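The primary structure of each chain is shown beneath.
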Amino acid sequence: MICLGRTLAVSFPSTSLLCCPCKSPYSGTEKFRYGKFPPFLRPNWRLMASEPGSSSLAGSVDSDSPDINASAGFCIIEGPETVQDFAKMELQEIQDNIRSRRNKIFLHMEEVRRLRIQQRIKSAEMGILNEQQENELPNFPSFIPFLPPLSSENLRVYYATCFSLIAGIIIFGGLLAPTLELKLGLGGTSYVDFIQTMHLPMQLSQVDPIVASFSGGAVGVISALMVVEINNVKQQEHKRCKYCLGTGYLACARCANTGALVLIEPVSTMNGGDKPLSTPKTVRCSNCSGSGKVMCPTCLCTGMAMASEHDPRIDPFD
Amino acid sequence: MPGALLYVGCPKGNVAASVFGFEDGKLRKRRRGRLPACRISVVSSAVANPAARTSEERVYEVVLKQAALVREQKKTKKKTVDMEGMSNWDLLNEAYGRCGDVCAEYAKTFYLGTLLMTPERRRAVWAIYVWCRRTDELVDGPNASHITPKALDRWEQRLSDLFEGSPYDMYDAALAHTVSKYPVDIQPFKDMIEGMRLDLRKSRYQNFDELYLYCYYVAGTVGLMSVPVMGIAPESKATTETVYNAALALGIANQLTNILRDVGEDARRGRVYLPQDELALAGLSDEDIFRGQVTDKWRSFMKEQIKRARMFFDEAEKGVAELNAASRWPVWASLLLYKQILDSIEANDYNNFTKRAYVGKAKKLLTLPIAYGRALMVPTSKAADQMRS
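Worth saying up front: this structure is predicted, and the values here are computed from it rather than measured.

J.: How should the overall build of chain B be read in this particular structure?
T.: Summing up its helical and strand segments, chain B has 18 helices and zero strands in all. A burial count over chain B gives 56% of its 389 residues as buried. Here the contacts in chain B between residues at least 6 apart in sequence split such that 78% fall between residues at least 24 apart. A total accessible area of about 17,000 Å² is found for chain B, and carbon and sulfur atoms account for 55% of it.

Shown next, in the form of structure tokens:
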């Protein structure tokens, strides 16, 4: 896992797999975990010197610690006075911090992958059965209601059923029906008679067969697609967090979703009663940092009912 | 559990009674009836024997405190807390609406039950439900692995803030509005968070005393939270404590029913919510539970457990008649429906490992008119006298 510490000084946006895409002029700005890298890749002393600025973060965000959650300051649930919103950092510092954390996530994911490999190997050695079948395509529910879930074996059955149905309908419509002179109107009437008995306008009986079959087919296809879409929406809804309805945020109660708190200053009416009242000053709400929304603690701003580390966290300003 | 509560020693050998109480229902009832006198007589005595303080006694303290709070609030007009941002009624109505949606999503039968209440009470119960559910999901939900004890402390801080009128988000705001309208005490909520902390650490319960405390934390508190919302009938002659005790008993009964229904499911997650000493007495162990086979020993053990749960239901029934007329029907309905789960466990031949005991829709619908009938029974002084004895 070589990170191009030296070459970063040339500041080309490197997007190679395990390297931090570093666009900053700082060399070696990324704060790597000490133990793993040779000395020349250790965190840049220059950035460390600017650390005091970020030490105002309740002294706790030690990005050298491998497990941020376990360190003293950070906590998933935030209160009005304890929001660690990094407000005291400069813009450049913030960008560097974002980049270094994203890099860390990237590297952590890679480590998780390697750990999983070892886990598989060791449990295979110890004879522990791996419960999840990770071989072929997993089972996923069908978008069409009432149909069994799909998998690769199932797919063949689906294909077979589908083709045979289509073939059957074509044979029926093309061969059987004309041969048997099937009249499918009420009581075995023909199309013209059917229109007549239904008291519909007679022009319907003169519809061109090609037009009729096209219209019928199109209506069928469109309604089938609609059903599939509706089912899809229902399933996606099922997966979204019910508390925030997928937005990832709840309305801030302190500022009632506006983001601003109105400062009420008592105005004396003793003297100067003829001066008009000035508009009340507003201050940014500290609960939500002015966005009017606070984090949904159930889905942790992912909007999903079951959040994983892969789910992107929603920005409040979207 | 609140350290602020004064421990009162009751030197009547209650420890023994609590262990063997389940075998002799009468002994239990008599002992519980005796407790009030015990409390009053030794209220100023020094701590007699801390080790003898059972969970039941500790829980009873909380009940007394809550009842006292309600009485106090009846005398003094409740100070309206100035809540910032609460003048925005649209947001509040939307918050309550969302509470209802969440309730309908996660607890359908319960939601249908709330529809039997008055609109104001319904909203209040939804707000309480959503808070309880969110708290539960912190430790038990899909994202629970990221929760630290510190997070629970923060959550408790948010609870205190909302009780003081500074809710953090919209669901907190709905609850803050509810507690400003009804005399709900903060202690049951704090106890519920304590129960969550307990759940993080414990997966086995040595005796019924520990289990009782756990059931109080997660379900008894809900009973205590909802009594102020349901309201006690003005014409009732029962003491506030007895009604709260009945609500507590209902919560405990519900939780015991849950436990008995979900033995298999909990075992699969490595948890056993049955008292270890009682299992040992019946000749069973955790292995038997994990194996999941119904034996005669299991059947007799389950019979005793179900009997105890039914006893708690009987305790609860005494108090339901004292509630406000509008609230009796839904509470009766939920009591009867939950009691039927015990019947269904028996009907499954006590196989709670693989079979899910549930009450069919038809039976549920049939319970509603029965509950209505029982709700028509008004609180009588005779019933109140029986409760006081």
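We are not done yet, so read on.
J.: I tried to follow the interface of chain B and chain A on my own but got confused; where do I start?
T.: Accessible area lost when the parts come together is the quantity often used to give the size of an interface. Taken together, the contact pairs 28 residues of chain B with 30 residues of chain A. Counting each side, the surface lost to burial between chain B and chain A is near 2,700 Å², with a carbon and sulfur contribution of 59%. Considering only the side of chain B, the residues that lose the most area to chain A are B:N143, B:R154 and B:Y168, jointly responsible for 27% of the buried surface there. Joining chain B to chain A, the criterion identifies four residue pairs in polar contact (both at pLDDT 80 or more). Where the side of chain B that touches chain A is concerned, the elements lending two or more residues are α4 (89-106), α6 (119-140), α7 (149-163) and α8 (170-181) of chain B. Considering each element in turn, the side of chain B that touches chain A owes the most residues, six residues, to α7(B). Partitioned by chemical class, the residues of the side of chain B that touches chain A number 13 nonpolar, four polar and 11 charged.

J.: Please explain the packing of helix α11 (residues 240-261) of chain B against helix α16 (residues 325-347) of chain B as it appears in this structure.
T.: The axes of two packed helices give the description: the angle between them and the distance between them. Residue and element names in this part refer to chain B. Remark: α11 packs on α16, axes separated minimally by 10 Å, with the N-to-C direction vectors making an angle of 30 degrees. Judged by the angle between their axes, α11 and α16 are roughly parallel. As for how α11 packs across α16, the hand of that crossing is left-handed. Note on element contacts: α16 touches α11 through V331, L335, Y338, I341, L342 and I345, opposite L250, N254, T257, N258, L260 and R261. In terms of residue class, the contact of α11 with α16 is built from eight nonpolar, three polar and one charged.

J.: In this structure, what is going on with the pattern of salt bridges? I would like to understand it.
T.: Pairing between side chains of opposite charge can happen when their charged atoms approach one another. Across all of its chains, the model carries 28 salt bridges over all chains by this definition. Linking A:R113 and A:E110 is a salt bridge whose minimum nitrogen-to-oxygen distance equals 2.9 Å. Taken together, the positions of A:R113 and A:E110, both in helix α3 (residues 91-125) and three residues apart, correspond to about one turn of that helix. In this structure, the salt-bridge partner of B:D343 is B:R310, at a minimum N-O distance of 2.7 Å. One end of the pair, B:D343, is in helix α16; the other, B:R310, is in helix α15 (residues 296-320), and 33 residues separate them in sequence. The exposure class assigned to B:D343 is partly exposed, which follows from its relative accessible area of 32%. Overall, the relative accessible area of 22% leaves B:R310 in the partly exposed class. Salt bridges here are not isolated pairs; linked through shared partners, they connect B:R134, B:R158, B:D169 and B:D172.

J.: What's the story with unusual backbone geometry in this structure? I'm lost.
T.: Note: most peptide bonds trans; most residues except glycine with negative phi. For A:H199, which is not glycine, the phi torsion reads 55 degrees and is therefore positive. Relative to the elements of secondary structure, A:H199 occurs in the loop between α5 (191-197) and α6 (209-239). One non-glycine residue, B:D349, lies in positive phi territory at about 60 degrees. As for its placement among the helices and strands, B:D349 is situated in the loop between α16 and α17 (361-375).

J.: Sorry if this is basic, but what is going on with the packing of aromatic side chains here?
T.: For any pair of aromatic rings, geometry is given as the distance between the ring centres together with the angle between the planes. Residues and elements named next belong to chain B. Summed over the entire model, instances satisfying the criterion amount to 17 aromatic pairs over all chains. An angle of 75 degrees between the planes, with centres 5.1 Å apart, marks the rings of W131 and F189 as edge-to-face. Pair noted here: W131 is in helix α6 and F189 is in helix α9 (residues 187-201), with a separation of 58 residues, a long-range link. Each of the two residues, W131 as well as F189, counts as buried. Between Y205 and Y214 the ring centres are 5.2 Å apart and the planes differ by 40 degrees, which places this aromatic pair in the tilted class. When sorted by exposure, Y205 lands in the same class as Y214, which is buried.

J.: Explanation requested: the packing of α11(B) against α15(B) in the structure shown.
T.: Residues and elements named next belong to chain B. Running from N to C, α11 and α15 point in directions that differ by 150 degrees, and their axes come no closer than 7 Å. Regarding the angle of α11 to α15, the classification is roughly antiparallel. Relative to α15, the crossing made by α11 is left-handed. Only M302, Q305, I306, A309, F312, F313, E315, A316 and G319 of α15 make contact with α11, whose side of the interface consists of V243, A246, A249, L250, I252, A253, N254, L256, T257 and L260.

J.: Looking at this model, I keep getting lost on the UniProt feature "transmembrane region" (unreviewed entry) in chain A. Mind explaining?
T.: All names here are of chain A. Per the UniProt record, the feature "transmembrane region" (unreviewed entry) sits at residues 157-177 and 210-230. Across residues 157-177, helical content stands at 100% and strand content at 0%; the span's end C-alpha atoms are separated by 28 Å. Secondary structure across residues 210-230 divides into 100% helix and 0% strand, with the first and last C-alpha atoms of the span separated by 30 Å.

Definitions and limits used
- Residues numbered from 1 in each chain as written.
- Chains lettered and ligands numbered in written order.
- Predicted model: local features only at pLDDT ≥ 70, side-chain atom pairs only at ≥ 80, totals over all residues.
- Heavy atoms only, no water.
- Helix = DSSP H or I, 4+ residues; strand = E, 2+ residues; numbered from the N terminus.
- Buried < 20%, exposed > 50% of the residue type's maximum accessible area, 1.4 Å probe, protein only.
- Contact = heavy atoms within 4.5 Å.
- Areas by Shrake-Rupley, 256 points an atom, 1.4 Å probe, with all protein chains shown as cover.
- Buried area = accessible area lost by both parts, 1.4 Å probe.
- Polar contact = N/O pair within 3.5 Å; in protein donor to acceptor, adjacent residues only side chain to side chain.
- Nonpolar A, V, L, I, M, F, W, Y, C, P; charged D, E, K, R; others polar.
- Axes fitted to C-alpha atoms, helices over the stretch in contact; angles between N-to-C directions.
- Parallel < 35°, antiparallel > 145°, perpendicular 65-115°, else oblique.
- Left-handed = near helix turned anticlockwise from the far one by under 90°.
- Salt bridge = Lys/Arg side-chain N within 4 Å of Asp/Glu carboxyl O.
- Phe/Tyr/Trp six-rings, centres within 6.5 Å; stacked < 30°, edge-to-face > 60°.
- UniProt positions renumbered as here; feature names shortened; annotations may be inferred.

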